Amino acid sequence: MIIKRNIGIITSGGDASGINAAIYGLLYEKHYSYYLFNQGFDGIVSNDPILVKDKDFHKHVVQGEHVLKTSRSKLPYSEEGRSKIISRLKELGIDTLIVFGGNGSSKALKLLCDEGINGLLIPMTIDNDLYGTDYTIGHDTAVASIQRVLSDLHQTAANMPGRVFMAEVFGADSGHLALASALSGGADLVILPEYKLDIDALHQRIEDIFNSGKDYVLIICAEGVRLKGEYKSGDQGICFEIGKQLTEKSSRRIRYSMLGYSQRAGDPTSHENLTSMRFGSFALQNLKRPNLNYLLGVENGEVLLQPLEIVTERKKQLNAELLQIAFRKNMLIGDVHI
Ligand SMILES: Nc1ncnc2c1ncn2[C@@H]1O[C@H](COP(=O)(O)OP(=O)(O)OP(=O)(O)O)[C@@H](O)[C@H]1O
Ligand SMILES: O=P(O)(O)OC[C@H]1O[C@](O)(CO)[C@@H](O)[C@@H]1O
């Protein structure tokens, strides 16, 4: 007789399409029972677990609405909060916790692993800013969603020439999402937090583009770009400040599009779903390892295990190949400062 083990699963941080496929890839009821908790770390303590079965999941695989609800939570920051999480997992006989999330969620899981929990972090954030993995679940769908908006902006911009469009995208303090979507959406310029912004240089590039014969300029601006001070989670609207400064130097009509939360939505792309399923399936294959304390990553196309602490050690660098294309196309403004 097979004795089943109980696996706990939460999502934590911002929602990201593809998560349903990842959970589907994880399910193997013959050996495991899966306890899903809505609302992240809080949900472990406050919510009844949902027991899911493979047969219920098929239709959800293609959907952008998630079976499992996510949240940001205060609990893991305090010893008291963590001990509530650990007691509850023990009470339910759950010996392994799988967390879908980004940088913050990895830190939280590491603290729980240090206190004896078996833990696996599966990378999930549209920002794709997690050190130790080339890819995080949700990124491709977000890029596709931004690309759709940029396609519309190209049309209206071409229909009424002479304007400068600034489209602000998510990404928190990193420019991975902005760089990928600027390239995939055919933007003229991209403003990234990893580069110090020089407004005069930006103004000059805009004029050069018009002088080259193009009749509109489409700029992607990452929300994490700063003219002064530090980016704080939740800050939005930097494109307006940049536009204001540009207006002082130029008579061009600057127009704004804040893409906002629709970037995080949308049914997953096929690339998303297949990568997510591979993450889920790889996690499943590693559940029997003792002392689980890992982050799943994908490097050069291969899914692999990384030590969880790797996340806190370094900041993930922008993809060198994408950067090279952006340099060659003269899309970047300013000098690298990070
Ligand atoms: N330093 C930390 N110590 C303990 N727990 C943390 C820490 N940072 C984050 N967490 C926990 O992880 C949760 C998610 O973190 P955060 O809000 O930074 O999102 P994330 O995992 O980085 O994902 P996203 O990229 O979508 O924002 C937090 O709400 C909190 O519960
Ligand atoms: O839903 P919230 O908490 O406002 O989070 C928004 C943030 O979450 C992300 O989508 C993922 O980290 C960021 O790109 C964005 O800044």
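Per an unreviewed UniProt entry, the chain goes by the name 6-phosphofructokinase and belongs to Metabacillus arenae. Taken from UniProt, the Function (unreviewed entry) comment for the chain reads in full: "Catalyzes the phosphorylation of D-fructose 6-phosphate to fructose 1,6-bisphosphate by ATP, the first committing step of glycolysis." Under Catalytic activity (unreviewed entry), UniProt gives the following word-for-word description of the chain: "beta-D-fructose 6-phosphate + ATP = beta-D-fructose 1,6-bisphosphate + ADP + H(+)".

> Hey, could you run me through the site of ligand 2 in this one?
Within the structure, ligand 2 sits among Arg 72, Thr 125, Ile 126, Asp 127, Phe 170, Gly 171, Ala 172, Glu 223, Tyr 231, Tyr 261 and Arg 264. Between Arg 72 and ligand 2, the recorded distance is 2.8 Å, taken from a side-chain N or O atom to an oxygen atom. In isolation ligand 2 offers 400 Å² of accessible surface; the protein chains occlude 78% of this area. Its residues assigned to classes, the shell around ligand 2 shows five nonpolar, two polar and four charged.

> Can you help me understand the site of ligand 1 in this one?
Near ligand 1 lie 17 residues; those nearest to it are Gly 14, Arg 72, Ser 73, Ser 105 and Thr 125. A distance of 3.1 Å separates a nitrogen atom of ligand 1 from a polar atom in the side chain of Tyr 77. Gly 102 places a main-chain nitrogen or oxygen 2.9 Å from an oxygen atom of ligand 1. The protein chains hide 81% of the 610 Å² of surface that ligand 1 would expose on its own. One can see that ligand 1 is located within the largest pocket. Take the shell around ligand 1: its biggest share by element is six residues, from helix α4 (residues 103–114).

> Teacher, can you tell me more about the layout of surface pockets here?
The rolling of a water-molecule-sized probe over the atoms marks out the regions of remaining empty space. Considered as a void within the structure, the largest pocket measures approximately 1200 Å³ in volume. Forming the boundary of the largest pocket are 44 residues, of which Arg 72, Asn 103, Gly 104, Ser 105 and Ser 233 lie nearest the centre. For the lining of the largest pocket, the secondary-structure elements that each account for two or more residues are α4 and α10 (310–313). With six residues, the single largest contributor to the lining of the largest pocket is α4. Residues that form the lining of the largest pocket fall into these classes: 14 nonpolar, 18 polar and 12 charged. The computed volume of the second largest pocket comes to approximately 490 Å³. What lines the second largest pocket is a set of 22 residues, among which Asn 128, Asp 134, Tyr 135, Lys 316 and Asn 319 lie closest to the centre.

Rules and cut-offs
Residues numbered from 1 in each chain as written. Chains lettered and ligands numbered in written order. Predicted model: local features only at pLDDT ≥ 70, side-chain atom pairs only at ≥ 80, totals over all residues. Heavy atoms only, no water. UniProt positions renumbered as here; feature names shortened; annotations may be inferred. Near = heavy atom within 4 Å. Polar contact = N/O pair within 3.5 Å; in protein donor to acceptor, adjacent residues only side chain to side chain. Areas by Shrake-Rupley, 256 points an atom, 1.4 Å probe, with all protein chains shown as cover. Nonpolar A, V, L, I, M, F, W, Y, C, P; charged D, E, K, R; others polar. 1 Å grid on protein atoms, 1.4 Å probe; cavity = no way out; pocket = protein on both sides within 12 Å on 5 of 7 lines; lining within 4 Å. Sits in = over half its atoms within 2 Å of the grid points. Helix = DSSP H or I, 4+ residues; strand = E, 2+ residues; numbered from the N terminus. Points joined across faces, edges and corners; volume = space filled by probe spheres on them.

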